[in-house]
Amino acid sequence: MHLQLGDNQPWLPPNPSDLFSSTNVVKICAPMVRYSKLAFRHLVRRYGCDLCYTPMIVAADFIKSAKARDSEFTTNQGDQPLVVQFAAKDARVLADAALLVCPFAGGIDLNCGCPQRWVMSEGYGACLINQPQLVSDMVKQVRSQVENERFCVSIKIRIHADIARTVDLCQKAEAAGVSWITVHGRLSEERHQPVHYDAIKVIKDSVSIPVVANGDIKSLKEAENIHQITGADGVMAARGLLANPAMFAGYEETPMACIQDWVDIALEHGTPFTCFHHHLMYMMERITSKQEKRVFNVLSSTSAVLDYLRDSYGV
């Protein structure tokens, strides 16, 4: 684990739950494999994002291997409030992983929503929505092992076809002490079908803890509409923020200033080229022609990308 704190002052990460006490809808950057790393989190925080998640980390590997800890988790004091997302299926393992990150983050999230085959075949992700007792046990174990009472434990779920089963899961998780629940409003087998916002509203109406709506949020206006429809306390975006990291600040497409910020932040953090380039490909998707994409997407070095941006856009 890399913590770039700059000094050795005793320091407590801020509590993400405090965000939900305001009347404003909380704007959240989703856990995205490969993409929601430290440099990108810094970028979206500059543009109105209130809370960021790390990419999903497999808790068992994280505990066992210092190498996994170093490659998977980097943070600093500017990277707050922060939630670390884990894939786990064992209460003790999740609690041990939570203990490792609790000095550096405001909370952990248990992934109960990832529908990828390998994740589910390992017993992680979306298959946990069918095991409410196990989810409750995991939440309770983290609560009992982490001494900091302000440390948050959240879960991110998908929904069942029978919404009563999802409500039961959420109520059990609430009773176990979960801080908030993020609901991706699709079934495990759904990919690009419309999001069931009505289901998120049913869940919101059936628990007394905060609920975050997730799924297909591509603009600030959409975020506000979904907040109105569902009553959710927060909105979480993934692909919408990849395409436009300034979305929560109200921009309809990525402004040049944001592209400049990404270049500066990525270079400062030593972001690997592939990640640096991929983020730019997403950000420039809506503002470049087919011809420009053909040229830009095959560039193969940081210097080539920097030259292109300077010559074409004055960045």
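Just so it is clear, the model here is predicted, and its values are computed rather than measured.

**Things to note about the side chain of Arg-41**
- Relative to the assigned elements, Arg-41 resides in helix H1 (residues 38-46).
- Among the polar contacts listed, one links the side chain of Arg-41 to the backbone oxygen of Thr-74, at a separation of 2.9 Å.
- In terms of polar contacts, Arg-41 uses its side chain to reach the side chain of Asp-79, at 2.8 Å.
- The residues contacting Arg-41, other than those within four sequence positions of it, are Ser-36, Cys-52, Tyr-53, Thr-54, Pro-55, Thr-74, Thr-75, Asp-79 and Leu-82.

**Comments concerning unusual backbone geometry**
- With an omega of -10°, the peptide bond between Gln-80 and Pro-81 qualifies as cis.
- Position of Pro-81 among the secondary structure elements: in the loop between strand E5 (74-76) and strand E6 (82-87).
- Positive phi values are uncommon outside glycine, yet Arg-34 reaches one of about 70°.
- Tracing the chain through its elements places Arg-34 in the loop between strand E2 (26-29) and H1.
- Phi is positive for Asp-216, close to 60°, though the residue is something other than glycine.
- Position of Asp-216 relative to the elements: it lies in the loop between strand E10 (211-214) and helix H9 (220-230).

**Some remarks on the pairing of strand E8 (residues 152-158)**
- Counted residue by residue, E8 has seven buried out of seven residues, so it is predominantly covered.
- Every second residue of E8 is oriented toward a common face, with Cys-152, Ser-154, Lys-156 and Arg-158 on one face and Val-153, Ile-155 and Ile-157 on the other, all of them buried.
- Pairing between strand E7 (residues 107-112) and E8: six bridges, direction parallel. Residue pairing for E8: Cys-112 is matched across the bridge by Ile-157.
- By the bridge criterion, four bridges tie E8 to strand E9 (residues 181-184) in an arrangement that is parallel. Among the inter-strand pairings, Lys-156 is bridged to a residue of E9, identified as Thr-182.
- At this point the chain moves from E8, through helix H7 (residues 163-176), to the parallel E9, and the crossover so formed is right-handed.

**Looking at the packing of helix H11 (residues 256-269) against helix H14 (residues 302-313)**
- Following both chains from N to C, one finds H11 and H14 inclined at 155°, their axes separated by 13 Å at the closest point. In this view, H11 runs roughly antiparallel relative to H14, as classed from their interaxial angle. The two elements H11 and H14 meet at a crossing, and its hand is left-handed. For the pair H11 and H14, the contacting residues are Met-256, Ile-259, Val-263 and Leu-267 in the first and Thr-302, Leu-306, Leu-309 and Tyr-313 in the second.
- Tallied by class, the residues present in the contact of H11 with H14 amount to seven nonpolar, one polar and no charged.

**Topic: the UniProt feature "active site" (unreviewed entry) in the protein**
- The UniProt entry lists Cys-114 under the feature "active site" (unreviewed entry), expressed in the numbering used here.
- If you trace the backbone, Cys-114 turns up in the loop between E7 and helix H5 (117-121).
- If we ignore the near neighbours within four places in the chain, the residues touching Cys-114 are Val-119, Met-120, Gly-125 and Ala-126.

**Considerations on the pattern of salt bridges**
- All told, the structure shown has 13 salt bridges when counted by the stated rule.
- Two residues, Arg-41 and Asp-79, come together in a salt bridge whose shortest N-O distance is 2.8 Å. Separated by 38 residues along the polypeptide, Arg-41 in helix H1 and Asp-79 in the loop between E5 and E6 bring together distant segments of the chain. There is no split in this pair, since Arg-41 and Asp-79 are both buried.

Criteria and thresholds
Residues numbered from 1 in each chain as written. Predicted model: local features only at pLDDT ≥ 70, side-chain atom pairs only at ≥ 80, totals over all residues. Heavy atoms only, no water. Helix = DSSP H or I, 4+ residues; strand = E, 2+ residues; numbered from the N terminus. Polar contact = N/O pair within 3.5 Å; in protein donor to acceptor, adjacent residues only side chain to side chain. Contact = heavy atoms within 4.5 Å. Buried < 20%, exposed > 50% of the residue type's maximum accessible area, 1.4 Å probe, protein only. Pairing = 2+ DSSP bridges. Right-handed = clockwise from strand over helix to strand, strands pointing away. Axes fitted to C-alpha atoms, helices over the stretch in contact; angles between N-to-C directions. Parallel < 35°, antiparallel > 145°, perpendicular 65-115°, else oblique. Left-handed = near helix turned anticlockwise from the far one by under 90°. Nonpolar A, V, L, I, M, F, W, Y, C, P; charged D, E, K, R; others polar. UniProt positions renumbered as here; feature names shortened; annotations may be inferred. Salt bridge = Lys/Arg side-chain N within 4 Å of Asp/Glu carboxyl O.

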